[in-house]
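Examination of the molecular architecture
Each chain is listed here by its residues.
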Amino acid sequence: MTQSSKFPHRNPNFPPVKSVHVAHFHWPKLWNPMTLFPYKDRPNPRPESSATTSLLTSRPLSKKRQNTQKMARNALLSPGNVPVLRVILVLLLLLPHPSISSRHDYHDALRKCILFFEGQRSGRLPPDQRVRWRRDSGLHDGASAGVDLTGGYYDAGDNVKFGFPMAFTTTLLSWSIIDFGRNMGPELGNAVKAVKWSTDYLLKATAIPDVVYVQVGDAFSDHNCWERPEDMDTLRTAYKIDRAHPGSDVAGETAAALAAASIVFRSRDPAYSRLLLNRAVRVFEFADRHRGAYSSSLHSAVCPFYCDVNGYQDELLWGAAWLHKASRRRQYREYIVRNEVVLRAGDTINEFGWDNKHAGINVLISKILESDLSANHVVLAD
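Computed from a predicted model, the values in this text were never measured in an experiment. (Residues numbered from 1 in each chain as written. Predicted model: local features only at pLDDT ≥ 70, side-chain atom pairs only at ≥ 80, totals over all residues. Heavy atoms only, no water.)

1. Notes on the pattern of salt bridges
Tallied over the full model, the rule gives 18 salt bridges. D179 is the salt-bridge partner of K367, the closest N and O atoms lying 3.6 Å from each other. With K367 in helix α15 (residues 358–374) and D179 in helix α6 (residues 163–180), this pair connects stretches of sequence that are 188 residues apart. K367 gets classed as partly exposed once you look at its relative accessible area, which sits at 32%. Taking the shortest distance from any N to any O, the salt bridge between E253 and K357 comes out at 3.1 Å. Here K357 lies in the loop between α14 (330–339) and α15 and E253 lies in helix α9 (residues 248–264), a separation of 104 residues in the sequence. A relative accessible area of 0% means that K357 is categorised as buried. Several salt bridges converge on common partners, so that one network encompasses D108, R111 and K112. (Salt bridge = Lys/Arg side-chain N within 4 Å of Asp/Glu carboxyl O. Helix = DSSP H or I, 4+ residues; strand = E, 2+ residues; numbered from the N terminus. Buried < 20%, exposed > 50% of the residue type's maximum accessible area, 1.4 Å probe, protein only.)

Set out below in structure tokens:
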């Protein structure tokens, strides 16, 4: 019998697949699970009578029922169904084992994630600092510009304080507390402290109207010198944006961070919350009034490290969305609607990070609209 007559569904111009490699298994052609073992060697072989006996009543099955079972078994193990069986078996092999997932300690993972922020602290460290091998550092940051820029966080393994990713980190950490703080257990207090360590610095960086200090430290000299922040002797230049040198991206993100943090402290420290929100409003107005990318104004300092290649438009929408969530003022919702085309609100969502906020904008606005609908469309006026 030829291959094509034996399996008429196959194209005779193509040779049959002899084997398929899946994971660590080598499957023979037309694998049949019933032929892996001779009947006498099969584990726990079914008694002869089971093929013709009801499992529930032990009464003999009718001839018609026996033929039906035989046809179903043959159909299941037919050559055409072998690929389906292989797929099912592979999926079963890929399922996570319960004992593996049960060993994950998510509380410990959360603790270490928040502990990381304490290891990145700059400035004079508090008595409750848990990372004991760190010491005070950067105590004169901002002195060359006549301002106090101590505190905040160092970036990654550097001794530079980059305001753009620091502000984004603050926004996301605040959002985590807002949505999932009730699930953080004893780490909630440490998470709130991590937010405040950053917002205290951002308040210093935005203390002068229409000015935002966006970086402390020269990234080039810092990257050429591997040393502890306690021992650093590299340049601590302070870089700023202002009316003549706009930076709507970093200013918009800073406004978002301050607004989001104001929600975190709304019930914990109302006075501090109001300070954060009022500063967020002022910084956002500056970002919107003097539009431009900070990587154009400060290209030699911030590029190629944290250039804003995605544009500043998303940060303005992002900042407005957080201000609306924090203040419930109608003007910020109207701002989003009025500027959604100009600020490219419909851009393709392909990532979410410190440079591209479009995915976060969509999620945040959706949650705001959902909240408004549940409150019968009530939005507080100015």
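2. With respect to the confidence of the model for the protein chain
Of all residues in the protein chain, 69% attain a pLDDT of 70 or more, and the chain-wide mean is 80. Per-residue pLDDT stays below 50 along residues 1–58; that stretch engages in 54 contacts with residues further than four places along the chain or on separate chains. Counting contacts from residues 377–382, a segment whose pLDDT is below 50, to residues more than four positions away or on other chains yields 13 contacts. (pLDDT = per-residue confidence, 0-100. Contact = heavy atoms within 4.5 Å.)

3. Re the packing of helix α10 (residues 270–289) against helix α13 (residues 313–327)
For the pair α10 and α13, the least separation of the axes is 11 Å and the interaxial angle reads 155 degrees. For the element pair α10 / α13, the angle class is roughly antiparallel. Like other packed secondary-structure pairs, α10 and α13 cross with a definite hand, here left-handed. Contacts between α10 and α13 involve L277, A280, V281, F284, A287 and D288 from the former and L316, G319, A320, L323, A326 and S327 from the latter. (Axes fitted to C-alpha atoms, helices over the stretch in contact; angles between N-to-C directions. Parallel < 35°, antiparallel > 145°, perpendicular 65-115°, else oblique. Left-handed = near helix turned anticlockwise from the far one by under 90°.)

4. Looking at the packing of α9 against α13
Helices that pack against each other are described as a pair by the angle of their axes relative to one another and the distance between those axes. Direction vectors running N to C along α9 and α13 enclose 20 degrees, while the axes themselves pass 8 Å from each other. Between α9 and α13, the angle is such that the two are roughly parallel. Crossing of α9 against α13: the hand is left-handed. Contact with α9, carried on its side by S248, D249, G252, E253, A256, A259, A260, S262 and I263, involves E315, L316, W318, G319, W322, L323, K325 and A326 of α13 and no other residues of that element. A per-class count over the contact of α9 with α13 returns nine nonpolar, four polar and four charged. (Nonpolar A, V, L, I, M, F, W, Y, C, P; charged D, E, K, R; others polar.)

5. Comments concerning unusual backbone geometry
Along the chain, C303 connects to P304 via a cis peptide bond; the corresponding omega equals 10 degrees. Relative to the helices and strands, P304 is located in the loop between α12 (299–302) and α13. We note that A156 has phi near 50 degrees; this positive angle belongs to a residue other than glycine. Along the chain, the position of A156 falls in the loop between α5 (106–119) and β3 (161–162). Phi is positive for R328, which is not a glycine, with a value near 60 degrees.

6. Overview of α5
In this model α5 runs 20 Å from its N-terminal to its C-terminal C-alpha over 14 residues, within 8% of the 20 Å that 1.5 Å per residue would give. Looking only at α5, the buried set comprises I114, F117, E118 and G119. Against α6 and α7 (188–205) lie the buried residues of α5. Sitting at the amino-terminal end of α5 is D105, which places a side-chain oxygen 3.3 Å from the backbone nitrogen of H107. (Expected span 1.5 Å × (residues − 1). Polar contact = N/O pair within 3.5 Å; in protein donor to acceptor, adjacent residues only side chain to side chain.)

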